[in-house]
Each structure stands twice: as C-alpha cells, then as structure tokens.
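Coordinate analysis (summary)
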Amino acid sequence: RVIHSRFHFLRMAPASRVGSRSMFERVLVPVDGSRPSVEAVLYSENFVKGFGSELVLLYVISPEMIARQEKQGTNPGEMAAEVLDIAERALRRKGIAPRSMVLEGPVAGRICSAVLSEKCDLVIMGGRSVLDIPDFLVDSVSEKVCHYARCPVLVVRNLLPLRSILVAYDGSRSSHRALEVSGELALRFKARLRLVETANEGLLPPSQSPSGAKILE
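Residues numbered from 1 in each chain as written. Predicted model: local features only at pLDDT ≥ 70, side-chain atom pairs only at ≥ 80, totals over all residues. Heavy atoms only, no water.

**Brief notes about helix H6 (residues 173-189)**
Its 17 residues give H6 an end-to-end C-alpha distance of 25 Å, which sits within 8% of 24 Å, the value for a rise of 1.5 Å per residue. Here H6 has its buried residues at Ser175, Leu179, Val181, Ser182, Gly183, Glu184, Leu185, Ala186 and Phe189. Positive phi shows up at Lys190, right after H6, with a value of about 55°. (Helix = DSSP H or I, 4+ residues; strand = E, 2+ residues; numbered from the N terminus. Expected span 1.5 Å × (residues − 1). Buried < 20%, exposed > 50% of the residue type's maximum accessible area, 1.4 Å probe, protein only.)

**Section: the confidence of the model for the protein chain**
Mean pLDDT over the protein chain stands at 80; residues scoring 70 or higher make up 76%. When the criterion is pLDDT under 50, residues 1-19 qualifies, and its contacts beyond four places in sequence or with other chains add up to 42 contacts. Under a pLDDT of 50 for its full length, residues 213-217 has, in the predicted model, eleven contacts with residues more than four places off or in other chains. (pLDDT = per-residue confidence, 0-100. Contact = heavy atoms within 4.5 Å.)

**Focus: the nonpolar core**
One finds Phe24, Val29 and Phe47 to be the most contacted residues of the largest nonpolar core, which totals 36 residues. Secondary-structure elements contributing two or more residues to this core are strand E2 (26-30), helix H1 (35-51), strand E3 (54-61), helix H3 (76-92), strand E5 (122-126), strand E7 (164-169), H6 and strand E8 (192-200). Those residues in contact with Val29, other than ones at most four positions away along the chain, are Ala40, Val41, Ser44, Leu55, Val56, Leu57, Leu58 and Ile124. (Core = buried A, V, L, I, M, F, W, Y, C linked by side-chain atoms within 4.5 Å.)

**Quick look at the packing of aromatic side chains**
Any aromatic ring pair is given by two values, namely how distant the centres are and how the planes are angled relative to each other. According to the stated counting rule, one finds five aromatic pairs in the structure shown. Ring centres 5.7 Å apart and planes at 85° place the aromatic pair Phe24 and Phe47 in the edge-to-face group. One end of the pair, Phe24, is in the loop between strand E1 (2-10) and E2; the other, Phe47, is in helix H1, and 23 residues separate them in sequence. Judged by centre distance (5.8 Å) and plane angle (15°), the rings of Phe47 and Phe51 are stacked. One end of the pair is Phe47 and the other is Phe51, both in helix H1 and four residues apart, which spans about a single turn. (Phe/Tyr/Trp six-rings, centres within 6.5 Å; stacked < 30°, edge-to-face > 60°.)

Following this line, the structure appears as structure tokens:
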C-alpha cells in the first residue's frame, strides 16, 4: 500500500556516449500480423533512428495456433513467413534492414528466451491482438513478458510521439534501473520526465534514504 507520494520534474544532463555501447543496441519486436503488433513494428523505427538499434523480428508459433490451423487446413509456417515478410518490407521502405526469426512454443516463454539468446536490450510489443482468441489470453502474454523478460519492455498502445514519461521510484534496484532507462529515453526523444516518489508501509521514503536522496538531487 502506497502511503507516501511526491512528484518531481527532472532535468537530465546528457551523458557522454563516446566509445560506449548504446543502451538499446538490439531491439526485439514480436509480430503476429495483428494491428497492435504492426504498430509495435512502426514504433520501433524511432529506436533504430534514435539509438542506431538493430531490429530483430520474432514470430512465435504457439501450440494453440498449430491446433487451430490444423483444423482450418492451413500451414502455420507459411503464415509466419507471410507476416514477417510484410513487416520486413514495411521497414525496408524506411531504410531499415531487420533480422527475422521463427520459434515454436508458448508465446511469452519464447519471447523471453529470445531476449536471452539474441542478447536483446529492449522488447517492443503490442498491447492487444485482434486475433480470434480471448483478450485475456493476449493480455497475459504482454504481462508475462513484462514480468519475466530480462530487459526493459515497451508495450505500445498507440503511435503518439513520446512526450512525457512517468516513473514510479521507491529506492529499489529495479526503480533505479527504470529511472536510468527512462532518463535515456527522455534525453533522446526530448520528452518530459516526471518522477513519482513512493514508499511502501514500513519503508523510508526514497528522499530519506542515502541512495534515494542522491538520485533525487
């Protein structure tokens, strides 16, 4: 339960990137042919141009998809190739050459596995699918990826420019990382960064702890 909350507006100073690795060197974009996944592909252009990121497109053939397409007499491998081809052509028209891969298995699990095997620094994915499966199944994919992926996850809800970023900060290691990533995004896209300082019951507010006070200076 949040018992303490304070708002801060941060102005981040640009960090030197000479000789250093881009924060988002390799970006993973799962696709399934749905409108939200198309929006994620389009949104990824910002990271390629802003950070010089390499783009990896991933299509996951799930057990449910195999069973459904067997009943329909269609080939899931052919559908994967078609969806990836459409995404690749859309990106190439913008001067971006992505790399594509296909995996079989549980969707969220294979996305998280690809993060590790491909050494990805960010996942960009759509929030909802318009495929003929219940919404709660689709939402659980993005929720599971957000929870288990070993890198930041950006869930695209629309294609509006990034203008304002809200960060919840409680002094924990994960909130330090969230602030670091959000600060980099704010600098690159000239967005406003707003910090909500929170503390859970029994814990000191971040501004009263040594590490938290340093971050908030």
